[in-house]
Amino acid sequence: MLILPTYNEAENVEAVVRAALAQLAATGLEHTVLVVDDNSPDGTGEIADRLAAELAAVRVLHRESKDGLGRAYLAGFEVALAAGADLVLEMDADFSHDPADLPRLIAAAGDADLVLGSRYVPGGGVENWGALRRALSRSGSWYARVLLGVPVRDLTGGFKCFNRGVLEALDLTEVRADGYGFQIELTYRAIEAGFTVAELPILFRERREGNSKMTARIALEAVWKVPALRLRR
Ligand SMILES: Nc1nc2c(ncn2[C@@H]2O[C@H](COP(=O)(O)OP(=O)(O)OP(=O)(O)O)[C@@H](O)[C@H]2O)c(=O)[nH]1
Ligand SMILES: [Mg+2]
């Protein structure tokens, strides 16, 4: 099951759902796209409902209000596990992650418990980012990697494929972080629990339409949550 969290993605949601479905269908595997919308004021949820009415492989989880990316994913994971999904995927709904990479992530999940779409392994990268944003993102991943002592190059990315056993084994009720911190925490917990992680190169693009929901608060949260994760051991 592919989980697409949305908040004010009215200009992207239909195209991204259709593009993802086409890629998933090409794998020949049974699949569902689950849109998790936090009552977006721009009508994203209604567009998703229309898609779900038209397409049997689309489901929508409506949440009452904007509650952060982490909470949206946790709610999506619950639905995916209850539905019996073998693989659970995370992807941004703004085309920063290319739906055409989905089959590669899924194929790699045959050999690794958790697959990460990675900007910072050979062959990966970011398009159209200025030097400052590039440096911030790289230092963020470096900071987390060194403090946590894990060999992962891209800890903050949100393009992932979990084998269901990983999510079943982690105590998700304990995960508190949002945004970057959420992505770091899940990957770190998976490694701590002994699961294998593979990083596949991806090219990260600027969002196609709409506005970023990333805030300084979410970014800074990761700065202090990372040492806290390590100390918890
Ligand atoms: N359901 C839900 N989705 C969210 C929330 N915050 C962000 N999202 C979605 O999560 C994905 C990533 O958020 P973005 O705002 O694109 O954050 P980002 O990719 O780090 O920042 P940009 O590169 O500027 O786009 C997008 O699909 C958003 O719509 C939230 O609070 N609830
Ligand atoms: Mg984005």
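Analysis parameters
Residues numbered from 1 in each chain as written. Chains lettered and ligands numbered in written order. Predicted model: local features only at pLDDT ≥ 70, side-chain atom pairs only at ≥ 80, totals over all residues. Heavy atoms only, no water. Axes fitted to C-alpha atoms, helices over the stretch in contact; angles between N-to-C directions. Helix = DSSP H or I, 4+ residues; strand = E, 2+ residues; numbered from the N terminus. Parallel < 35°, antiparallel > 145°, perpendicular 65-115°, else oblique. Left-handed = near helix turned anticlockwise from the far one by under 90°. Contact = heavy atoms within 4.5 Å. Salt bridge = Lys/Arg side-chain N within 4 Å of Asp/Glu carboxyl O. Buried < 20%, exposed > 50% of the residue type's maximum accessible area, 1.4 Å probe, protein only. Phe/Tyr/Trp six-rings, centres within 6.5 Å; stacked < 30°, edge-to-face > 60°. Lys NZ or Arg CZ within 6 Å of the ring centre and 35° of its normal. Near = heavy atom within 4 Å. Polar contact = N/O pair within 3.5 Å; in protein donor to acceptor, adjacent residues only side chain to side chain. Areas by Shrake-Rupley, 256 points an atom, 1.4 Å probe, with all protein chains shown as cover. 1 Å grid on protein atoms, 1.4 Å probe; cavity = no way out; pocket = protein on both sides within 12 Å on 5 of 7 lines; lining within 4 Å. Points joined across faces, edges and corners; volume = space filled by probe spheres on them. Nonpolar A, V, L, I, M, F, W, Y, C, P; charged D, E, K, R; others polar.

Draft legend 1. Quick peek at the packing of helix 5 (residues 131-148) against helix 8 (residues 216-231). The interhelical angle for the contact between helix 5 and helix 8, taken along N-to-C directions, is 15°, at an axis separation of 9 Å. Between helix 5 and helix 8, the crossing angle belongs to the class labelled roughly parallel. Once helix 5 is placed against helix 8, the crossing between them reads as right-handed. Counted together, Y143, A144, L147 and L148 of helix 5 and V223, V226, P227, L229 and R230 of helix 8 form the full contact between these two elements.

Draft legend 2. How the structure looks around the pattern of salt bridges. Under the defined criterion, the tally for this structure stands at 17 salt bridges. The partner of R18 in a salt bridge is E14, and the shortest N-O contact between them spans 3.0 Å. Here the residue R18 and the residue E14 both occupy positions in helix 1 (residues 13-26), the gap between them amounting to four residues, near one helical turn. Where E185 meets R189, a salt bridge forms, and the shortest distance between an N and an O atom there is 2.7 Å. Of the two residues, E185 and R189 both sit in helix 7 (residues 179-192), four residues apart, roughly one turn of that helix. The pair E185 / R189 is uniform in exposure class, with both members buried.

Draft legend 3. Summary view of the packing of aromatic side chains. The final tally for this structure, using the stated rule, is five aromatic pairs. Relative to F77, the ring of Y73 has its centre 5.9 Å away and its plane inclined at 25°; by these criteria the two rings are stacked. With Y73 and F77 both in helix 3 (residues 69-82), this residue pair falls four residues apart, about one helical turn. Judged by its relative accessible area of 0%, Y73 falls in the buried class. The ring of Y7 carries the charged tip of K66 above its face, separated from the ring centre by 5.1 Å. Over the ring of F204 we find R119, and its NZ or CZ is 5.5 Å from the ring centre.

Draft legend 4. Representation of the site of ligand 1 in the model. Close to ligand 1 lie 19 residues; E9, K66, D94, S212 and K213 are nearest. The backbone of G68 places a nitrogen or oxygen atom 2.9 Å from an oxygen atom of ligand 1. In the model, an oxygen atom of ligand 1 is placed 3.2 Å from a nitrogen or oxygen of the D92 side chain. Protein chains bury 94% of the 640 Å² of accessible surface belonging to ligand 1 in isolation. Elements supplying a minimum of two residues to the shell around ligand 1: strand 1 (2-6) and helix 3.

Draft legend 5. Quick look at the layout of surface pockets. Taken as a whole, the largest pocket encloses approximately 1,100 Å³ of empty space. R133, G179, Y180, S212 and M214 are the residues nearest the centre of the largest pocket, which is lined by 47 residues in total. Broken down by secondary-structure element, the contributors of at least two residues to the lining of the largest pocket are strand 1, helix 3, helix 5, helix 7 and helix 8. Here the residues of the lining of the largest pocket sort into 20 nonpolar, 15 polar and 12 charged. Volume-wise, the second largest pocket comes out at about 370 Å³. Taken together, 15 residues make up the lining of the second largest pocket; nearest its centre are M1, E30, H31, A85 and D86. The class makeup of the residues in the lining of the second largest pocket is nine nonpolar, four polar and two charged.

Draft legend 6. Broad picture of the side chain of T44. Note on placement: T44 falls in helix 2 (residues 44-54). A distance of 2.9 Å separates the side chain of T44 from the backbone nitrogen of E9, its partner in a polar contact. With near-sequence residues (within four places) excluded, T44 lies in contact with T6, N8, E9, A10, V13 and D37.

Draft legend 7. Representation of the side chain of K225 within the structure. With respect to the helices and strands, the residue K225 is situated in helix 8. With residues up to four places along the chain from it excluded, the contact list for K225 reads R176 and A177.

Remember that the coordinates give geometry; whether it matters functionally is a separate question.
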